[in-house]
Amino acid sequence: MYPRVNIDVKKYEDNVRYMHTLCHDYGMTMMAVTKVFCAAQPLIDVLNRLRVDFIADSRLENLATMKTDCKKVLLRLPSIHEVDRVVTHANLSLNSELKTVEALNKAAKRAGKKHGVILMIDIGDLREGIYYKENVLNAIRDVKALAYIDLVGIGTNLTCFGGIVPTEDTLKKLIDIIDMAKRILKTEFRIVSGGNSSHIHLMLKGKEIPEVNNLRLGEALVLGRETAYGKAIPNMHQDVITLEADLIEIKHKPSFPEGEIGMNAFGQKPMFEDYGLMKRGILAIGKQDVDYHEIIPCDNRIRLVGSSSDHIIVDLTNTGNDYDVGDVLRFKLSYGSLLSVMTSQYVVKHYG
Ligand SMILES: Cc1ncc(COP(=O)(O)O)c(C=O)c1O
């Protein structure tokens, strides 16, 4: 059945083992981030087998359904409306709002247990976290005062919204806060969660930030690359998950539509270039499953032309007679396309 994603469990295991060891060599624990593959249990089983330090996911639903004995971390800031479920399904959560942490404190009291919190600091990427120039020490003091909250650490996230690359200069903003907390509040953090797969570019250059003792890694484990500059990580697989879709039509047609151009299926006026006559193929996969801009044909003679809800149109002109109706095209995936094909219920998940 197509379309389908082929998930190479062995390659994922290789990648996780390699990165887990590398993190430990650098004195860091690793949170394996599972949201990109919707916390699929065969890959959670890999994390269980390798006894990773933590499993982290941004969706509470994934944390609730995965079967694991590893410590579970909620990556996205909790909604104040779901604090009881957060305390039930996560050992730790990343937080930046005192109001929410107070609600978590009450929920933890109701559940009769402590909930771990990592306080997020925004050092310039401008997504979540208390802005580093604000009074972070007050926030630390307030969180520490809550009886059912265990302030286990401090963290930051980079290269997600603003594209800010982790450098020694940028991370110094976090380290200054750690120093101030130690000096003024006599507080030390068990976890300093320094970032995501973008941090790996520092490790590849042999640079160590001794204060950072934890990373939260998703993309590096599935795509085998760091995300500051998108470079492949030596000794890791870049093709853990690939996509296959089958051809349901192959015809010679013009490349420029004929007649008056109005709106396409999505209410936009489409623009075309005239490449003359084209051998066009239609794949049984569409916008509902994936953005065609985000998939990369393994056969580099194939060009992606466009898509509608259920179809992707490809240019097969340079492929001679190599493809017939029913043939399957293979694609490499970006992080964005991986996220959507794993989420689409119409894409078969095949584990090998
Ligand atoms: C807060 C946070 N940390 C870490 C990650 C993992 O990022 P990456 O996949 O780049 O390693 C994400 C995204 O999934 C995130 O939202």
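Every value quoted in this text rests on a predicted model; they were computed, and no experiment measured them.

(A) Inspection of the domain arrangement of the protein at higher detail. Considered domain by domain, the protein is made up of domain 1 (9-223) and domain 2 (241-351). The centre of domain 1, based on its C-alpha atoms, is set 37 Å off from the matching centre of domain 2. Opposite the nine residues of domain 1 that make contact, domain 2 presents eight residues. It is helix 9 (residues 219-223) that contributes the most residues to the side of domain 1 that touches domain 2, three residues altogether. For the side of domain 1 that touches domain 2, the residue count by class is eight nonpolar, no polar and one charged.

(B) Highlighting unusual backbone geometry. Of note, the amide linkage connecting tyrosine 2 to proline 3 takes the cis form, showing an omega dihedral of -5°. Tracing the chain through its elements places proline 3 in the segment before strand 1 (4-7). Positive phi is not limited to glycine here, since arginine 51 has a value of about 50°. Along the chain, arginine 51 falls in the loop between helix 2 (41-49) and strand 3 (54-57). In this structure arginine 51 comes out as exposed when scored by C-beta crowding, with 9 C-beta atoms within 10 Å. Despite not being glycine, threonine 159 shows a phi value in the positive range, around 55°. Looking at the secondary structure, you find threonine 159 in the loop between strand 8 (149-155) and helix 7 (168-185). With 20 C-beta atoms counted inside 10 Å, the residue threonine 159 sits in the buried group.

(C) Layout of the site of the ligand. Around the ligand, the structure places 14 residues, and the nearest of them are Asn196, Ser197, Arg216, Gly218 and Glu219. Put simply, the parts of the chain that give the shell around the ligand at least two residues each are strand 10 (214-217) and helix 9. Per-class residue counts for the shell around the ligand are five nonpolar, six polar and three charged.

(D) Inspection of the packing of helix 1 (residues 9-25) against helix 2 at higher detail. Following both chains from N to C, one finds helix 1 and helix 2 inclined at 35°, their axes separated by 10 Å at the closest point. Remark: the crossing between helix 1 and helix 2 carries right-handed chirality. Two secondary-structure elements touch here, helix 1 through Val9, Tyr12, Glu13 and Val16 and helix 2 through Pro42, Leu43, Val46 and Leu47.

(E) Expanded view of the nonpolar core. Ranked by size, the top nonpolar core spans 93 residues in total, and within it Met30, Ala32, Leu104, Ile121, Leu217 and Val222 carry the most contacts. Both domains that meet at this core, namely domain 1 (9-223) and domain 2 (241-351), each give it at least three residues. Apart from the residues within four sequence positions on either side, methionine 30 is in contact with Met19, His20, Cys23, Val52, Asp53, Leu215 and Leu217.

(F) Highlighting the packing of helix 6 (residues 136-144) against helix 7. Relative to each other, helix 6 and helix 7 sit at 60°, their axes nearing to 10 Å. In terms of their interaxial angle, helix 6 and helix 7 are classed as oblique. The handedness of the crossing between helix 6 and helix 7 comes out as right-handed. Contact with helix 6, carried on its side by Val136, Leu137, Ile140 and Arg141, involves Ile177, Met180, Ala181, Ile184 and Leu185 of helix 7 and no other residues of that element. Of the residues that constitute the contact of helix 6 with helix 7, the class distribution is eight nonpolar, no polar and one charged.

(G) Spotlight on the pairing of strand 8. Among the seven residues that make up strand 8, five are buried, leaving the element largely enclosed by the rest of the structure. In terms of strand pairing, strand 6 (residues 115-122) meets strand 8 through six bridges, oriented parallel. Paired with isoleucine 118 across the strands is glycine 153, a residue of strand 8. The pairing of strand 8 with strand 9 (residues 191-193) spans three bridges and is parallel.

(H) Up close: the pairing of strand 10. A two-sided burial pattern is seen for strand 10, the buried positions comprising Asn214 and Arg216 on one face and Leu215 and Leu217 on the other. Where strand 2 (residues 29-33) and strand 10 come together, four bridges link them in parallel fashion. The partner of threonine 29 across the bridge, within strand 10, is asparagine 214.

(I) Structural view of the environment of threonine 159. Between the C-alpha atom of threonine 159 and that of phenylalanine 266, which follows or precedes it by 107 residues, the distance is 31 Å. In this view, threonine 159 contacts Asp125, Ile164, Val165, Pro166, Asn196, Ser198, Thr227 and Ala228; residues no more than four positions away in its chain are not counted.

About the cut-offs
Every chain is numbered on its own, with residues counted from 1 as its sequence reads. Residues qualify for local features only when their pLDDT is at least 70, as the model is predicted, and side-chain atom pairs are given and counted only at 80 or more; totals for whole chains, interfaces and linings, by contrast, use all residues. Note that domain bounds follow an automatic or database assignment of domains. Contacts here follow a simple rule: the backbone-placed C-beta atoms of the two residues must lie within 7 Å. Secondary structure elements follow DSSP: runs of H or I of four or more residues count as helices, runs of E of two or more count as strands, with numbering from the N terminus. Note that Gly is not counted as nonpolar here; it falls among the polar residues with everything else outside the nonpolar set of Ala, Val, Leu, Ile, Met, Phe, Trp, Tyr, Cys and Pro and the charged set of Asp, Glu, Lys and Arg. In this scheme every C-beta is placed from the backbone, and a residue whose C-beta has 20 or more other C-beta atoms within 10 Å is buried, one with 12 or fewer is exposed, and one in between is partly exposed. Residue proximity rests on one test: whether the C-beta atom, placed from the backbone, lies within 6 Å of the molecule or strand. Orientation is described by lines fitted to C-alpha atoms, with helices fitted over the stretch in contact, and by angles between N-to-C directions that extend from 0 to 180 degrees. Throughout, a crossing is termed right-handed when the near helix is turned clockwise from the far one, and left-handed when it is turned anticlockwise from it by less than a right angle. Defined on buried residues, the nonpolar core groups Ala, Val, Leu, Ile, Met, Phe, Trp, Tyr and Cys residues joined through C-beta atoms within 7 Å. Oblique is the label for any angle not under 35 degrees, not over 145, and not in the 65 to 115 range, which are roughly parallel, roughly antiparallel and roughly perpendicular in turn. Paired strands, in this sense, are two strands between which DSSP finds at least two bridges.

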